[in-house]
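Commentary on secondary and tertiary structure
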Amino acid sequence: MSDDNHTLPYPDANGEHPTLVVPGAAATQEATEEPKRARKRWPWILLAVVVVLAALVVVGELVARAVVPGMVRATVIEELGLSSDQQLDVDVEGILLPQLVGGTLDTVHLASDSVSLEGVTGAVDVTATGVPVGGGDLAGASGTIRIDEAEFTSLIAETELPVDSVAFEAPNATLSGSFSVFGADVPLSLTFTPGAVEGELELTPVAVTVGGIDIDLDDAGSVFGSLGEGLTQPQQVCIADQLPAGVTLAGLEIVDGSAVIDIDVDGAIATDPTLQAKGVCSR
């Protein structure tokens, strides 16, 4: 019997064999891998967007830091009538961009080594809160004015005390002067502790020397009459007429060779010319 159906030999196990491709399989695989690649790609796109936005915020903050203090400085100098070359350091606390968007600077710190305010010259350090970006009243402000012995002498020159000069020795100050007795000038030295009461400067005597002789404060009245009584009693001195009307004396003490005056500032001083002008003493 003839063998018309030839049997194919088994493939050689060590040989290479062509891979059979199922129609449509490649397209299906590509369609499956494409969504996977898309899903893997979108987090990187989101990250790139976040990085760009963060960079823009940083740049915006840097620009604000460079511009805003100069704007505040120019406004303060204009409102207080200071010279254009007045040294004035400005520091705005916190992140600026949200504050600018909100229209109000939370805290602004102003400092100058020497500035003249209605005749009083000294180092000023003031912190203002709630500062409107577009102009307007402040929420409030407070700080210190640090003055030397010569400026302090000017502050109390209008008192009834015979003042020629003042020397500081913390926590006290000693004024030197003279008064007339039967046509003769008698040297006087009065040591007192300065402070503030109800917006006025208060001088509390602690020692007195007349003609080079130490006088007991309890005996000064009987020895020198009304003058002696005046020397031994605390004296209140109004200095409102030597400060802007919107500035109130809150405290005073002698520190490191200077008189440090604590002040409270009316927030409306930023817009009210009458508060920027020199104040008035009621008595």
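Moving on, we come to the nonpolar core. Grouped together as the largest cluster of nonpolar side chains are 58 residues, with contacts concentrated most on Phe152, Ile156 and Leu201. If we ignore the near neighbours within four places in the chain, the residues touching Phe152 are Ile147, Val166, Phe168, Phe192, Pro194, Leu201, Leu203, Leu252 and Ala259.

With that settled, the discussion passes to unusual backbone geometry. Apart from glycine, the bulk of residues carry a negative phi angle, and the bulk of peptide bonds sit in the trans form. With an omega of 5°, the peptide bond running from Ala170 to Pro171 counts as cis. Here Pro171 shows up in the loop between β5 (165-169) and β6 (172-181). Phi at Asp256 takes a positive value of approximately 50°, unusual for a residue other than glycine. Locating Asp256 in the fold gives a position in the loop between β11 (247-255) and β12 (258-265). Classification of Asp256 as exposed rests on a relative accessible area of 70%.

Counted by the stated rule, this structure contains two aromatic pairs. Where Phe152 meets Phe168, the ring centres are 5.5 Å apart and the plane angle is 75°; that geometry is what we call edge-to-face. Taken as a pair, Phe152 in helix α3 (residues 149-155) and Phe168 in strand β5 lie far apart in primary sequence, 16 residues in all. Of the two residues examined, Phe152 and Phe168, each falls in the buried class. Taking 6.4 Å as the distance between ring centres and 20° as the angle between the ring planes, the aromatic pair formed by Phe152 and Phe192 counts as stacked.

Turning to the sheet that holds β12, a few remarks are in order. With respect to topology, six strands assemble into an open sheet ordered β1-β2-β3-β4-β12-β11, the strand pairing being antiparallel. The open sheet terminates on both sides in strands that have one partner only, identified here as β1 (89-92) and β11. Strand-to-strand twist in this sheet, taken as the mean axis angle between neighbours without regard to direction, amounts to 15°.

Enumeration according to the criterion identifies one disulfide in this entry. The disulfide bridge from Cys238 ends at Cys281, spanning 2.0 Å between sulfur atoms. Residues Cys238 and Cys281 are joined through a disulfide that is left-handed, its torsion about the S-S bond being -95°. In this pair, Cys238 is assigned in the loop between β10 (235-237) and β11 and Cys281 in the segment after α5 (273-276), connecting sequence segments 43 residues apart. For Cys238, a relative accessible area of 18% corresponds to the buried category.

Rules behind the numbers
Residues numbered from 1 in each chain as written. Predicted model: local features only at pLDDT ≥ 70, side-chain atom pairs only at ≥ 80, totals over all residues. Heavy atoms only, no water. Core = buried A, V, L, I, M, F, W, Y, C linked by side-chain atoms within 4.5 Å. Buried < 20%, exposed > 50% of the residue type's maximum accessible area, 1.4 Å probe, protein only. Contact = heavy atoms within 4.5 Å. Helix = DSSP H or I, 4+ residues; strand = E, 2+ residues; numbered from the N terminus. Phe/Tyr/Trp six-rings, centres within 6.5 Å; stacked < 30°, edge-to-face > 60°. Pairing = 2+ DSSP bridges. Axes fitted to C-alpha atoms, helices over the stretch in contact; angles between N-to-C directions. Disulfide = S-S within 2.5 Å.

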